[in-house]
Amino acid sequence: MKYFEDEVHNGNWEEVEKYLSGFTKVDDNRYSMKIFFEIRKQKYLEALDKHDRSKAVEILVKDLKVFASFNEELFKEITQLLTLENFRENEQLSKYGDTKSARAIMLVELKKLIEANPLFRDKLQFPNLKNSRLRTLINQSLNWQHQLCKNPRPNPDIKTLFVDHSCGQPNGARAPSPANNPLLGGAVPKPGGFPPLGAHVPFQPAPAPVATSLAGWMSNPPTGTHPSVSGGPIGLGGPPIPAALKHPRTPPTNPSVDFPSGDSEHPSKRTRQLGISDEVNLPVNVLPVSFPGHAHSQTFNAPDDLPKTVARTLVQGSSPMSMDFHPIQQTLLLVGTNVGDIGLWEVGSREKLVQRNFKVWDLSSCTMPLQAGLVKDPGVSVNRVIWSPDGSLFGVAYSRHLVQIYSYPGNDDVRQHLEIDAHVGGVNDLAFSHPNKQLSVITCGDDKLIKVWDATTGAKQYTFEGHEAPVYSVCPHHKENIQFIFSTALDGKIKAWLYDNLGSRVDYDAPGRWCTTMAYSADGTRLFSCGTSKDGESHIVEWNESEGAVKRTYQGFRKRSLGVVQFDTTKNRFLAAGDDFSVKFWDMDNTQLMTSSDADGGLPASPRIRFNKDGTLLAVSANDNGIKILANGDGLRLLRTFENLAFDASRASEAAKPSVNPVTASSGVGLAERVASVVGLSAMNGDPRNLGDVKPRITEETNDKSKVWKLSEINEPSQCRSLKLPENLRVNKISRLIYTNSGNAILALASNAIHLLWKWQRSERNSSGKATANVPPQLWQPSSGILMTNDVTETNPEEAVSCFALSKNDSYVMSASGGKISLFNMMTFKTMTTFMPPPPAATFLAFHPQDNNIIAIGMDDSTIQIYNVRVDEVKSKLKGHSKRITGLAFSHVLGVLVSSGADAQLCVWSSDGWEKQKSRFLQLPPGRSPAAQSETRVQFHQDQTHFLVVHETQLAIYETTKLECVKQWAPRESAAPISHATFSCDSQLVYASFLDGSVCIFTAQHLRLRCRINHSAYLPPGVSSSNVQPLVIAAHPHESNQFALGLSDGSVHVFEPLELEGKWGVPPPSENGSASSVPSTPLVGGSAQDQAQR
């Protein structure tokens, strides 16, 4: 800083900017923009002060014009200074003194901006270096070079540092010189090497002979954080910094990001380019923020945490060719076989939910070659099955021309969605991606082509030509905002494509030069490929993304593999492959084989394998058309949940298959609900006996389910697990409640504008560190002791409407309690900024799913403001309601915003142009009228096409595109009003709270009551439900049977079912047996039994 300060004091502006440019550029963030603006403004004012008009004009045009696009009015005002004899005539500049004092004042402001700018963090003081640091770096470099040697010697002879080290050939032949060896970072690879695909380099249609990264295959953006709070608006004067938000994304474990921590000290913190890409998820072990006392993920200790225990053996009926676990319901396994069948298994209960034999849905729309071929030979095999990122669709690629896309609302409900005659010959692979913010399907085939299709309409979007052999696999990915596809062909070529028509950006040879598949680690930072040659030699390699070369080759394959080896990655740390009648495991950082498992025998030579998302289960194809499910400790516990429900397999054959209600468009009931459960029997009686004792009784009574089923009533604390969270702050009532996305904390906003944060710590009793009713959390505060307190107006804050929205990585919360909107850092509780002072006051907040710089703000004047926090500007104001906004929800699949208001009206808005598409008033039950200020909440179902509506008079499920009510439930007119409701994390249940103190749990598919928790189960004796009511309810983000309740006395309670039972009650009989009795018109209220119970 000393050098910088001297240059500013001396007015060496060119040197000042040159020095700064080594750290940041004008458009990196708002802080950087304001730094450069202040410097250039000072240079401009000094030229005016010297009456050097020509110099001032030059500075205006060359240096200040760049800011015109951000604030045109300001630029005009600056320009008008040229017309003044003395610029101090401008009111804002009237206190400008002499040059020396002005520079000193500006320097104080610059230092504040630099210190606040995340790009300068850890760069303001020269680091302390050990004397041995240079030697350490040289040794690391030499060790790395030696690892890359093809024939490494045990004691290498290092003679020089001027060229890269390489051990000589064993037969005395000279090693290729580094200059010609691309593996060793040589400067000139063969033509067709990886050209740059970076965000700042124009893409060339022809490959350029430059050895850049594989993300140099695709621009290798750092995975660090970005400032979440940026500098204030630029202006003539020197105002304080009312920061605006910047919200970039960080790379995926699933397909997310968001306010990266402004205070995190994570070592991987490096800057990113300005702008936000489509969402990718943080690597579990590289989260930018972790709360003190516990990490975000469990330590994954190999090999004990590898799934190697055979927990299930399933019989598919034909040989499995491809498998994929559901991305959210992680015990749901999709299987495609060698005869074209697809099966859907709930591996926990060993139940096959769906079996579909191959058939062409619409033969007339198929090409003539396919029609003729199917007549001659109807045999078809499945080459690939895969779920879409949100699990609402799955795709099947067949060995003959076709791709079929199914929609999956849930349970055993699988529906035909799209059939595409995609390729001439076989369709060898299929994948989903999100280019241009819409879901697409990518296919490749024997016709040497790659094609991209709209996943909604089936329209073809792109065709990529360039391979000279059948295309074997595709691997879509993205770095920053660059979306791309890797492809491999049977001639061993790897190519990369952007979503344009400019041809391949990469042409490289894969090890094995035959059947190769590619995959990224879960966090998207490491690229691997697995290939088998025609001679049976198999290779798994990691690619060096900075050089487009093989970084390491993993050892341990059979000399001659009997078939094509398949592989998979998990936990950002492990690789697995099916080889030599077993599953082999590697640590990503070690080339030697770590361990292997033969899964108790019975595996084919090259078994097909697939991990679930958390890496707790591994599906492995077995002989005799079987599938073995291997599990680790967590996986066994997950599967045991279903075993405890005492599934009786005889049910599957004697119970009629449920027919599909054509109107029920929401996702199905929880898969475990399909089991013949007796949870309700023990829950109603508080009977902790072993459920095994009840099995004979179930078998006897399954023929008359209506006699067995009874609503599960919980009246005593012993009948469920509940925990009142500790409190030492006096608050009157809980207005808003949410779990953090990591699942290890609960955030509440009280009516007095104070936030409460409870965190669970890792312990022997709670090894996961997740929220649970078994272990009390800590009411957390930073060491400073400050509270997160919202700005309030002079009126009574208890009467204000509270609202908040949490960033997806739990680093920041945006909140309001009738006053200005505040942005808080969740680590320090500091107020980062406030904006939008009332009136009107904010009443609901929601982040845009694709761009977290955009927030939708519902107002008490009935408008919705679409606000860009990066540029501090309202982009659009939506008008359609007549009372204040009480709910907002985005669907990233449909590209819409759904709003609800105190006027009991629903509106659907396009999130592209923000025009209103549809609106509809709630269908209120007969004789019911909404209270003057009754809230209507909305929440999207997991399928992103249906949403839950919560009103004091009803719960309802709406289909979004037609805005039609497909299910509705209403309490009796004399019953207590509904105070709040929410979907469970998997959208299988609806939790609803009532003002009489009760909580009702519904199956989401039919909105039928299955369990009720009465206030006596959690309120102390003597506390009346007329004095203390539940006001808000929140669902755990990962545990579908856990929820939290915020009460009017300021307390928060967490609820879970008894461990023995595992679920809340039993689904009503119409969902276990035939559903044909369910009417196809919307119901007002549940069944007569439901009504009687309420």
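Each residue is numbered by its place in its chain's sequence as written, counting from 1. For this predicted model, a pLDDT threshold of at least 70 governs which residues receive local features, and a threshold of 80 or more governs which side-chain atom pairs are given and counted, while totals over whole chains, interfaces and linings are taken from all residues. Only hydrogens and water are set aside; all other atoms, that is, all heavy atoms of the structure, feed into the side-chain values.

(A) Local environment of the overall build of the chain. In DSSP terms, a helix is any run of H or I states spanning at least four residues, a strand is any run of E spanning at least two, and both are numbered starting from the N terminus. In terms of helices and strands, the chain carries 15 helices and 59 strands. Throughout, exposure labels follow a simple rule: accessible area from a 1.4 Å probe, protein chains only, divided by the maximum for the residue type, with under 20% read as buried, over 50% as exposed, and the rest as partly exposed. By residue count, 58% of the 1094 residues in the chain fall in the buried class.

(B) Region of the structure containing the environment of Val950. Summarising the element assignment, Val950 is placed in strand β50 (residues 946-951). Val950 sits in the buried class, given a relative accessible area of 4%. C-alpha separation for the pair Val950 and Ala992, spaced 42 residues apart in sequence, amounts to 8.7 Å. Among residues more than four places away in sequence, those in contact with Val950 are Glu935, Thr936, Arg937, Leu955, Ile978, His980 and Ala981. In this description, contact between two residues means that some pair of their heavy atoms is separated by no more than 4.5 Å.

(C) Quick peek at the sheet that holds strand β58 (residues 1043-1047). Strand order in the open sheet formed by 4 strands is β32-β59-β58-β57, with antiparallel pairing between adjacent strands. Since the sheet does not close on itself, it has two edges, and those belong to β32 (721-724) and β57 (1030-1035), each with one partner. Direction aside, neighbouring strands of the sheet carry axes that sit 20 degrees apart on average. Any two strands with at least two DSSP bridges between them are considered paired. Pairing geometry for β32 and strand β59 (residues 1052-1056), over 4 bridges, is antiparallel. Residue Ser722 lies in a different strand from β59, and its bridge partner there is Phe1055. Every axis in this analysis is a line fitted to C-alpha atoms, fitted for helices over the stretch in contact. Angles between the N-to-C directions lie between 0 and 180 degrees.

(D) Region of the structure containing the pattern of salt bridges. What counts as a salt bridge is simple: a side-chain nitrogen of Lys or Arg found within 4 Å of a carboxyl oxygen of Asp or Glu. Under the counting rule described, the total for this entry stands at 29 salt bridges. Between Glu58 and Lys62 there is a salt bridge whose closest N-O contact spans 3.5 Å. Residue Glu58 and its partner Lys62 are located together in helix α4 (residues 53-64), separated by 4 residues, close to a single helical turn. Judged by its relative accessible area of 61%, Lys62 is exposed. In this structure, the salt-bridge partner of Arg415 is Asp413, at a minimum N-O distance of 2.6 Å. Take Arg415: its relative accessible area is 25%, and that puts it in the partly exposed class. When its relative accessible area of 4% is taken as the criterion, Asp413 is described as buried. The network of salt bridges with shared partners includes Arg526, Glu542, Lys551, Arg552 and Asp589.

(E) Focus on the sheet that holds strand β13 (residues 440-445). Read across the open sheet, the 4 strands follow the order β12-β13-β14-β15; overall the sheet is antiparallel. Looking at which strands have only one partner, the edges of the open sheet turn out to be β12 (427-433) and β15 (460-464). Ignoring which end each strand starts from, the neighbouring axes of this sheet average 20 degrees apart. Taken together, the 6 bridges between β12 and β13 define a ladder with antiparallel strand orientation. Note on β13: the bridge partner recorded for Leu430 is Thr443.

(F) Geometry of the side chain of Asn766. Mapped onto the elements of the fold, Asn766 is located in the loop between β35 (755-759) and β36 (778-779). Residue classification places Asn766 among the buried positions, given a relative accessible area of 5%.

(G) Just the nonpolar core, in detail. Within the largest apolar cluster, 38 residues are counted, with the highest numbers of intra-cluster contacts made by Tyr44 and Leu64. At the level of secondary structure, the elements contributing two or more residues to this core comprise α1 (2-10), α2 (13-21), α3 (30-49), α4, α5 (72-80) and α6 (99-116). For this core, the element with the most residues is α3, which contributes 10 residues. Aside from chain neighbours lying at most four places away, what touches Tyr44 is Ala56, Ile59, Leu60, Leu64, Ile78, Thr79, Leu81 and Leu82. Throughout this description, the term nonpolar core refers to a set of buried Ala, Val, Leu, Ile, Met, Phe, Trp, Tyr and Cys residues connected via side-chain atoms within 4.5 Å.

(H) Examining the pairing of β35 more closely. Most of β35 is tucked away, with 5 of its 5 residues classed as buried. Of the two faces of β35, both are covered, the one formed by His755, Leu757 and Lys759 as well as the one formed by Leu756 and Trp758. Here strand β34 (residues 745-750) pairs with β35 via 5 bridges, running antiparallel. Each bridged residue has a counterpart across the sheet, and for Leu749 the counterpart in β35 is His755. The turn joining β34 and β35, which pair antiparallel and follow one another in sequence, is formed by 4 residues; a positive phi near 80 degrees is taken by Ala753. Pairing of β35 with β36 involves 2 bridges; the strand directions are antiparallel. Counterpart to Trp758 in the pairing with β36 is Leu779.

(I) Main features of the packing of α2 against α3. Interhelical geometry of α2 versus α3 gives an angle of 175 degrees and a closest axis separation of 11 Å. Classified by the interaxial angle, the pair formed by α2 and α3 is roughly antiparallel. Two secondary-structure elements touch here, α2 through Trp13, Val16, Glu17 and Leu20 and α3 through Ile35, Phe36, Ile39, Arg40, Gln42, Lys43 and Glu46. Each angle is binned into one of four classes, with values under 35 degrees roughly parallel, values over 145 roughly antiparallel, values of 65 to 115 roughly perpendicular, and all other values oblique.

(J) Fine view of α1. Burial in α1 covers these residues: Phe4, Glu5, Glu7 and Val8. Buried residues along α1 cover an arc of 165 degrees about the axis, so they all sit on one side. Summarising the geometry of α1, the exposed residues directed more than 90 degrees from the buried face are Lys2 and Asn10. Contacts from the buried residues of α1 go to α2 and α6. Positive backbone phi, at 70 degrees, marks Gly11, one or two positions downstream of α1. What the arc measures is the spread of directions leading from the helix axis to the C-beta atoms.

(K) Here's a closer look at the side chain of Ser487. Structurally, Ser487 can be placed in strand β17 (residues 482-489). Judged by relative accessible area, which is 0%, Ser487 ranks as buried. Among the polar contacts made by the side chain of Ser487, one reaches the side chain of His467 at a distance of 2.6 Å. In protein, a polar contact means a hydrogen-donor-capable atom and an acceptor-capable atom, both N or O and within 3.5 Å, with residues adjacent in sequence counting only if both atoms are side-chain atoms; elsewhere, any N or O pair within 3.5 Å suffices. Side chain to side chain, Ser487 and Trp497 meet in a polar contact 2.8 Å long. Dropping the residues within four chain positions of it, Ser487 is found in contact with Ile450, His467, Val471, Ser473, Val474, Lys493, Ile494, Lys495 and Trp497.

(L) Examining unusual backbone geometry more closely. Cis geometry marks the peptide bond from Pro838 to Pro839, where omega comes out at -10 degrees. Mapped onto the fold, Pro839 is located in the loop between β40 (831-835) and β41 (842-847). The backbone of Ala753 shows a phi angle near 80 degrees, a positive value even though the residue is not glycine. Structurally, the position occupied by Ala753 is in the loop between β34 and β35. One non-glycine residue, Ala904, lies in positive phi territory at about 60 degrees. In this structure, Ala904 sits in the loop between β46 (896-901) and β47 (905-910).

(M) Structural detail: α4. Within the span of α4, buried status applies to Ala56, Ile59, Leu60, Asp63 and Leu64. Projection of α4 onto a plane perpendicular to its axis shows the buried side chains occupying an angular sector of 115 degrees, all on one side. Seen from the buried face of α4, the exposed residues on the opposite side, beyond 90 degrees, are Ser54, Val61 and Lys62. Buried positions along α4 lie against α3 and α5.

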